[in-house]
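Spelled out from the first residue to the last, the chains are:
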Amino acid sequence: MTHMLRCPVCGEVFNDRGELTCPAGHPGLLRAVYSEKQLILRDEPGLFRYAGWLPVQQIPETMSGPVTFRSDGFAAEAGLSNLWIGFSGYAPERNAHIPTCSFKELEAWPTLERLKETGCGTLVIASAGNTGRAFAEAAQGMDIPIILVVPTRSLYRIWTTRPAENVTLIAVDGDYSDAIAIADRICELPGFTPEGGARNVARRDGMGTVFLDAAVTTGRIPDHYVQAVGSGTGAIAAWEAALRLIGDGRYGGALPRLHLAQNLPFIPLVSAWQAQRREIIPAIDMPHAEEAIRDVHADVLTNRRPPYAVAGGLFDALSDCGGRMYGITNHDADRAGALFEETEGIDLDPAAAVACAALLVALERGEILEDDCTLLNITGGGYRAVPEKYPVLPVEIIQPQEMPSCIAELHHV
Ligand SMILES: *Cc1c(COP(=O)(O)O)cnc(C)c1O
Ligand SMILES: [Zn+2]
């Protein structure tokens, strides 16, 4: 094995058999420990260039991967001299080839590959958008069956660029939480397995490739890392990638400062962190959650149960890196996103626009200085160019009478 897993609670190190939690039952995010201490790049076109620090033995074929480029236009408007864009999306002129247009595809490929290698059954994913689309695309690319559970009103976001024969798509009346509830019940059936979200090392280390790509491209760990967060998994991944790069020794010895943003009025992570509290208290940090979620443009950022308090989670990452958090209005996000599109020529996912606005606020407040080396994680974008190159095929939902009977029964209760 090229890697082992380590529990942050008991410190035990053990072989990876696809676990999402410590076999002794400890709460805490397991971490992959790689036998390669210095990062060796593979000759691959996509994210598997970083396979040395991904929990997989084999490499599926994909062009999907992060790219890093120096910002000219947006940096000049913001007043920054050393701004780098980590881009996950579709912009072939920038060598960015993620057809589903978000960094969720960086999670999907290693997660499915790890699942295949550890033989853990059929993956079940609940999603309201980007995650579902990413897993559908990767499942098709790797020829692995998956089950996707999606709220009916989010179905329009589930499309692929090749016919999705491997995807069983189940539509659920209700919101994302209802989809999660159905997915959880399917996972109780034999042969099905949850993807595990932040608990899955393949998801985190897949997202961490954005940070690795930036460090490899610029030759160093940046001073600042800016991202819009829903669960915070991407930010935890950046922190872990930075720790590994410090261990490598060639990229610097200091952690980046994390600057993370959510979209007002739904900002539980901002609220809890600003109170310096490890616990999210729903009544304080997300009052009127349903209404607040409805008012948010970047709805991929509206996670009600983020891995914040858990050992190795977002609170620990923010504490270790000296974190700052920002609540961003729809208006400010839209403006910053438009400025980015005008200056860099890429249309953005609404969540990435929130990150652009957060960068501008951080500058205004003097949290980031003009010459600081800054990595802005543009987590999604380039949607407009996809249909010029690829067919955009809606994934068809499975009718209750076509479902395996064990699932159909669950679906109706
Ligand atoms: C999911 C998502 C995010 C938030 O990522 P987390 O890891 O959940 O914090 C940000 N931007 C885009 C485009 C996303 O799809
Ligand atoms: Zn343990």
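Quantities reported herein were computed from a predicted structural model and do not represent experimental measurements.

What follows deals with the sheet that holds strand E2 (residues 13-15). Ordered in space as E2-E1-E3, the three strands form an open sheet in which the pairing is antiparallel. The outermost strands of the open sheet, each flanked by one partner alone, are E2 and strand E3 (31-34). Adjacent strand axes in the sheet meet at a mean angle of 40° when their direction is disregarded. Bridge analysis of strand E1 (residues 3-6) against E3 gives four bridges, and the strand direction is antiparallel. What sits directly across from Arg-6, in E3, is Arg-31.

The domain architecture assigned to the protein chain consists of domain 1 (67-102 + 203-386) and domain 2 (103-199 + 392-411). Its C-alpha centre places domain 1 at a distance of 26 Å from the equivalent point of domain 2. Facing 23 residues of domain 1, the contacting portion of domain 2 comprises 23 residues. Taking both sides of the interface into account, the surface hidden between domain 1 and domain 2 amounts to around 2,000 Å²; carbon and sulfur atoms contribute 55%.

Let us look at the site of ligand 1. Around ligand 1, the surrounding shell holds 19 residues, and the nearest of these are Lys-104, Asn-130, Ser-231, Gly-232 and Thr-379. Residue Gly-230 places a main-chain N or O atom 2.9 Å away from an oxygen atom belonging to ligand 1. Gly-234 is positioned such that a nitrogen or oxygen atom in its backbone is 2.9 Å from an oxygen atom of ligand 1. When ligand 1 sits alone it has 380 Å² of accessible area, and the protein chains cover 96% of it. Elements with a minimum of two residues in the shell around ligand 1: strand E13 (224-228) and helix H7 (233-248).

Basis of the calculations
Residues numbered from 1 in each chain as written. Chains lettered and ligands numbered in written order. Predicted model: local features only at pLDDT ≥ 70, side-chain atom pairs only at ≥ 80, totals over all residues. Heavy atoms only, no water. Pairing = 2+ DSSP bridges. Helix = DSSP H or I, 4+ residues; strand = E, 2+ residues; numbered from the N terminus. Axes fitted to C-alpha atoms, helices over the stretch in contact; angles between N-to-C directions. Domains from an automatic or database assignment. Contact = heavy atoms within 4.5 Å. Buried area = accessible area lost by both parts, 1.4 Å probe. Near = heavy atom within 4 Å. Polar contact = N/O pair within 3.5 Å; in protein donor to acceptor, adjacent residues only side chain to side chain. Areas by Shrake-Rupley, 256 points an atom, 1.4 Å probe, with all protein chains shown as cover.

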